[in-house]
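What the coordinates show
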Amino acid sequence: MPFIPHTEKDTREMLAAIGAESIADLFDEIPPELMIDHLEHVPEAMSEMEISRLMRHRARMDGSPLCFIGAGAYEHHIPTAVWDIATRGEFYSAYTPYQAEASQGTLQVIYEYQTMITELTGLDVSNASLYDGASALAEASLMAVRANRRVKTGRILLAPGVNPVYEQVAAAIAGAQGLTFERLPQDPASGNVDFDQLPQGREPVAVVVQQPSFAGTLDDTDRLTDWAHAQGAVLIGVVNPTSLAILLPPGQWGKDGADIAIGEGQPLGVPMSSGGPYFGFMTCKQKHVRQMPGRIVGRTTDLDDNPGFALTLQAREQHIRRSKATSNICTNQGLMVTAATIYMSLLGYDGLVNIANTSHGNTTSLADGLCDIDGISRLYDGPFFHEVALKLDRPVAALLAALAERDILGGFDLTPIVGLDALLVCATETKTEADINAYIAAFADVMSADNA
Amino acid sequence: MSDLPGDLLYTEEHEWLRREDDASVTIGITDHAQEAIGDLVYVELPEVGSDIDAAGEMAVVESVKAASDVYAPISGNIVAVNEALADDPEKINSDAYGDGWIVRMQPSETIDEGSMMTPDAYQEFLDTLDH
């Protein structure tokens, strides 16, 4: 849909209609001492030529290294058609499609997106997306409090495998609203929840489990889901959408399934782009739909019985309900969601299964090859998806620096998180056998250079 | 405007109250209120057993176009909520003074009837709104 700005005449007419002299008059009620005319550390506006040049320069700084880092953002092949279609004029805006009469294409894309995400997660309803995976955990935590009013503790228990950055973001957003986040005990051998040490009587309002875990392991989600429900808690699953092609969807965990599933949508056709923009997804059981933040697009029929699409759940958003809104995060990541929908459509079910299996196979080859090197072993036993934690016999940072000199991003340094010399590596379907072998050889090389 | 039941008290917030034999008070929103809000799609009810102060948030009624708070007209304890509204919020549209009741409260203090309206007074109040 086209977005046509007002002409000067339109603006004059509208101001005249409400009796205002100028647009500045509309902001009269803001006290002058609160107005600032410049922001420190924010440079002056640039021309298109200047900004293009700066951005090209910044992009070149990324180079084109061979990347084996996952840790929350994953390099997947994105078919060229995805962004060719997503950047067509009809889609190229994240603007909220409030006007159904002018937004049928955008609304249908979101509707298809919701359908695909609910199929992947095995839950009943999906919203139209959130900012990213980390803020989605904050939103899910706040939603759990609304959905589970009987529990007043505001206590959220996190499985050991929940991304530590997600915890920081959730605590930053939801902490001021009285929520506290605590970790469940970890079994050092598996890296997963230690079921023998689970706390009793903590009255959690929600339990969060991430599958696959941040360290790549697979937790016993069935048992954790049932335990959470026995504690009277809502179970929030944090999931990787690619993995759901081959792993049990959260809606089927345990006897009753997860109540809410969220995650980072970036693996579905969104480039890593140095950290964003990405999008978060969120699905839940039907019974919690009124507590879900954001909006839902529904399919309906018009007066002439033609199918059509409209926003069906938005009355609780901030533009209608203000401070009582279920969330004040309202902007959906429309363009990213459009790309994800096209990505999933082009791949289809078999395509997604293929990518998941190939990524798992590649990471298995990588882990096997690396563990043949003296001084490297698996940090945790048990199965993994497309990411695996390795224990090293020496500090990781220097090895990663040496690999970077060979244009290889060798993985994510887990040392500060686990308190051991440990490295998290990931090889998606984008890595060929030659890439993997080159990485293993390079690693062996920098290890022996380090020994010398 | 439909007839206003004679045995109820009314508020300027368009709520009605009925004193029950056991000294509890049944509360709902008036026919005028449901008409203004439109077709209801969801009602968020308070928890049975919770204490609410007068003018505190008691329930949320959500229509296809807006979500509105319903404020408690009196202070007291919630002794019952109309669970049927969970599946059928339109009961408020079809029968605001009967099946569409929202909560029953046990008042924690004497109800100040002076601050409420009789059916006639409420009708007059509604007439002033029409102009």
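Residues numbered from 1 in each chain as written. Chains lettered and ligands numbered in written order. Predicted model: local features only at pLDDT ≥ 70, side-chain atom pairs only at ≥ 80, totals over all residues.

1. Looking at the overall build of chain A
Worth spelling out the cut-off: Starting at the N terminus, helices and strands are each numbered in turn, a helix being any DSSP run of H or I of at least four residues and a strand any DSSP run of E of at least two. The globule rule used here is 2.2 Å times the number of residues to the 0.38 power, and the radius of gyration it is set against is calculated over C-alpha atoms. We call two residues in contact when their backbone-placed C-beta atoms lie within 7 Å.
Across its full length, chain A carries twelve helices and 15 strands. Expected size for 452 residues packed as a compact globule is a radius of gyration near 22 Å; at 24 Å, chain A falls within 12% of this value. With the principal axes as the frame, chain A shows a C-alpha extent of 80 × 55 × 55 Å. Residue pairs in contact within chain A that sit at least 24 positions apart in sequence constitute 76% of those at least 6 positions apart.

2. Some details on the sheet that holds strand S5 (residues 206-211) of chain A
All names here are of chain A. For clarity, the threshold we go by: Here, any two strands with at least 2 DSSP bridges between them count as paired. Interaxial angles span 0 to 180 degrees and are taken between N-to-C directions of axes, which are lines fitted to C-alpha atoms, for helices over the stretch in contact.
Strand order across the open sheet formed by seven strands is S2-S8-S7-S6-S5-S3-S4, with mixed pairing between neighbours. In this open sheet, the two edge strands, each paired with only one partner strand, are strand S2 (125-126) and strand S4 (180-183). Pairing of strand S7 (residues 260-264) with strand S8 (residues 280-284), which is carried by five bridges, proceeds in the antiparallel orientation. Note that in S8 the partner of alanine 261 across the bridge is threonine 283. Across the sheet, helix H7 (residues 221-230) lies against S5 and strand S6 (234-239), angled at about 170° from S5, the strand it touches most.

3. Overview of the domain arrangement of chain A
Residue and element names in this part refer to chain A. In plain terms, the rule: An automatic or database domain assignment is the source of the domain bounds shown. Following the grouping adopted for this structure description, the nonpolar residues are Ala, Val, Leu, Ile, Met, Phe, Trp, Tyr, Cys and Pro, the charged ones are Asp, Glu, Lys and Arg, and the polar ones are all others, Gly among them.
On domain assignment, one finds that chain A holds domain 1 (82-343) and domain 2 (349-451). Facing 14 residues of domain 1, the contacting portion of domain 2 comprises 19 residues. Its residues placed into classes, the side of domain 1 that touches domain 2 shows eight nonpolar, six polar and no charged.

4. With respect to the nonpolar core
Note the threshold: In plain words, the nonpolar core is the set of buried Ala, Val, Leu, Ile, Met, Phe, Trp, Tyr and Cys residues that C-beta atoms within 7 Å link up. The burial criterion counts other C-beta atoms lying within 10 Å of a residue's C-beta, which is placed from the backbone; the residue is buried at 20 or more, exposed at 12 or fewer, and partly exposed between these limits.
The biggest cluster of nonpolar side chains holds 119 residues, and the ones touching the most others in it are Val208(A), Ile236(A) and Ile260(A). The element contributing the most residues to this core is helix H9 (residues 334-371) of chain A, with 14 residues. Built from parts of two domains, this core gets at least three residues from each of domain 1 (82-343) and domain 2 (349-451) of chain A. Not counting the four nearest positions on each side in its chain, Val208(A) is found in contact with Leu137(A), Ile156(A), Leu158(A), Ala159(A), Val162(A), Ile236(A) and Val238(A). Judged by nonpolar contacts, the second largest core, of 28 residues, contains Met58(B), Ala72(B), Leu85(B) and Ala96(B).

5. Description of the pairing of S8(A)
Residues and elements named next belong to chain A. Across the five residues of S8, five count as buried, placing the element largely inside the fold. Across the two faces of S8 the burial is the same, with Gly280, Met282 and Cys284 and Phe281 and Thr283 all buried. The pairing of S2 with S8 spans two bridges and is classified as antiparallel. Bridge assignment links serine 126 to a residue of S8, and that residue is threonine 283.

6. Some thoughts on the packing of helix H4 (residues 104-121) of chain A against H9(A)
All names here are of chain A. Going by this rule: In what follows, roughly perpendicular refers to angles from 65 to 115 degrees, roughly parallel to angles under 35, roughly antiparallel to angles over 145, and oblique to any angle outside these ranges. The crossing is said to be left-handed when, going from far helix to near helix, the turn is anticlockwise and less than a right angle, and right-handed when the turn is clockwise.
Running from amino to carboxyl end, H4 crosses H9 at an angle of 60°, the nearest separation of the two axes being 9 Å. Of the possible angle classes, the one that applies to H4 and H9 is oblique. Where H4 crosses over H9, the handedness of that crossing is left-handed. Where H4 approaches H9, its residues Thr106, Val109, Ile110, Glu112, Tyr113 and Met116 are matched on the opposing element by Gly334, Val337, Thr338, Ala340, Thr341 and Met344. Taken together, the residues of the contact of H4 with H9 break down into seven nonpolar, four polar and one charged.

7. As for helix H6 (residues 164-174) of chain A
Residues and elements named next belong to chain A. Cut-off, in case you're wondering: As used here, the arc is the angular range of directions from the helix axis to the C-beta atoms.
Of all the positions in H6, only Tyr166, Glu167, Ala170 and Ala174 are classed as buried. Each buried residue of H6 lies within a common arc of 100° when the element is viewed along its axis, so the set occupies one face. Check the buried side of H6 and you find it contacts helix H5 (133-147), strand S3 (155-158), S4 and S6.

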